[in-house]
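What follows is each chain in one-letter form.
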Amino acid sequence: MKTQQTWEQLLQNNKIWAESKKQVDHLFFNRLSKQQAPRFLWIGCSDSRVPANEITGTDPGEIFVHRNIANLVVHTDLNLLSVLQYAIEVLQVEHIIVCGHYGCGGISAAMSQKSFGLLNKWLCHIKDVYKLHRDELLLINNEEERSNKLVEFNVIEQVYNLTKTSIIQHAWKERNAPFLHGWVYRIDDGILHNICEISPNHPIDSIYRFQFPE
Ligand code: CO
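Residues numbered from 1 in each chain as written. Predicted model: local features only at pLDDT ≥ 70, side-chain atom pairs only at ≥ 80, totals over all residues. Heavy atoms only, no water.

Some points on the domain arrangement of the protein chain
In terms of domains, the protein chain is made up of domain 1 (1-34) and domain 2 (36-208). Relative to domain 2, the C-alpha centre of domain 1 lies at a distance of 29 Å. (Domains from an automatic or database assignment.)

Here it is as structure tokens:
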């Protein structure tokens, strides 16, 4: 690992970065300052090793980002829901990517019986996913592999959680978008894996389906 940078270096790096962007495209910041029009909403883990723009080769302005521990879509999370509503209704994003990663500390923590204080309440959402898939998970003897399998189940569950929101269902009805994607990132080789995709108007269990006035 390279030596830890100081906060002063971060500000210095920033000047160099801004300059290099202008060298390649002198209108880069002018253009961005006028508006943002990202096509993608990214819901990812807060883990510092999974930066949305960097691993997807995208620039500022291309991805609207929400990150939390273990990339959860929780229906009472005002932060997530506000981001989701703004991305869908104002920015009109075409794709939502829920991105987990192998070796996720949040997932491992949720699989343990350790108490983490306040964090327990957040991790409980992952324990609920574990419970849904317990039989299949317990067939895997290797602890790391079992944890990685839960990473995948968790991503899929969070994508389905999106479909249970009126925000997504309404957008599907109004403009036949967005498409939903579940990805998992491998930290040890830098590769993203496509785990699941849900197209607009995918059938939803009737108990979660909303009827909107015409
Ligand atoms: Co993580």
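Remarks on the coordination of the cobalt ion
Note on the cobalt ion: its protein donors are C45 (SG), H101 (NE2) and C104 (SG). The metal-donor distances range over 2.1 to 2.3 Å. Of the residues examined, C45 reaches a relative accessible area of 6% and is grouped as buried. (Donors = N, O, S within 2.8 Å, 3.2 Å for Na, K, Ca; no water. Buried < 20%, exposed > 50% of the residue type's maximum accessible area, 1.4 Å probe, protein only.)

Focus: the pattern of salt bridges
Tallied over the entire structure, the rule returns seven salt bridges. One salt bridge connects K173 with E214, and the closest N-O pair in it is separated by 3.9 Å. You can see K173 sitting in helix α9 (residues 166-175) and its partner E214 sitting in the segment after β5 (192-198), a full 41 residues away along the chain. Of the residues examined, K173 reaches a relative accessible area of 38% and is grouped as partly exposed. A residue is classified by how much of its surface remains accessible, and E214, at 89% relative accessible area, is exposed. (Salt bridge = Lys/Arg side-chain N within 4 Å of Asp/Glu carboxyl O. Helix = DSSP H or I, 4+ residues; strand = E, 2+ residues; numbered from the N terminus.)

Notes on the state of the cysteines
With the rule as written, the count across this model stands at zero disulfides. C45 supplies the cysteine sulfur nearest to C99, a cysteine that is in no disulfide, at a spacing of 9.2 Å. As a non-bridged cysteine, C196 has C99 as the owner of its nearest cysteine sulfur, 11 Å distant. (Disulfide = S-S within 2.5 Å.)

A few points about the sheet that holds β5
Pairing in this open sheet of five strands is mixed, and the strands run β2-β1-β3-β4-β5 from one edge to the other. With partners counted over all chains shown, the strands left at the sheet margins are β2 (63-68) and β5, one partner each. Averaged over all pairs of adjacent strands, the angle between strand axes in this sheet comes to 20°, irrespective of strand direction. Sheet analysis places strand β1 (residues 40-45) next to strand β3 (residues 95-101), joined by five bridges and oriented parallel. Across the sheet, the residue bridging to F40 is H95, located in β3. Strands in contact with helix α8 (residues 143-163) are β1, β3, β4 (179-185) and β5; relative to β4, the strand with the most contacts, it is inclined by about 160°. (Pairing = 2+ DSSP bridges. Axes fitted to C-alpha atoms, helices over the stretch in contact; angles between N-to-C directions. Contact = heavy atoms within 4.5 Å.)

Looking at the side chain of D47
Residue placement: D47 occurs in the loop between β1 and α3 (52-56). Overall, the relative accessible area of 16% leaves D47 in the buried class. With sequence-adjacent residues up to four places away left out, D47 is seen in contact with R67, H101 and I187.

Let's talk about the nonpolar core
Counting residues in hydrophobic clusters, the biggest one holds 42 residues, and the most contacted among them are L41, I96 and L162. Broken down by element, this core gets its largest block of residues, six residues, from α8. Core analysis: the second largest hydrophobic core is formed by eight residues, W42, V50, A52 and W183 among them. (Core = buried A, V, L, I, M, F, W, Y, C linked by side-chain atoms within 4.5 Å.)

Comments concerning the packing of helix α4 (residues 78-90) against α9
Here α4 crosses α9 at 10°, and the two axes come no closer than 10 Å. Here α9 runs roughly parallel to α4, going by the angle between their axes. Where α4 approaches α9, its residues L81, L84, Q85 and I88 are matched on the opposing element by I167, I168, A171 and R175. Tallied by class, the residues present in the contact of α4 with α9 amount to six nonpolar, one polar and one charged. (Parallel < 35°, antiparallel > 145°, perpendicular 65-115°, else oblique. Nonpolar A, V, L, I, M, F, W, Y, C, P; charged D, E, K, R; others polar.)

Thoughts on the pairing of β3
The buried fraction of β3 is high, at seven of seven residues. Where burial is concerned, the two faces of β3 agree: the one with H95, I97, C99 and H101 and the one with I96, V98 and G100 are both buried. Relative to β4, β3 runs parallel, the two being bridged by seven bridges. Looking at β4, one finds that H95 is bridged to F179.

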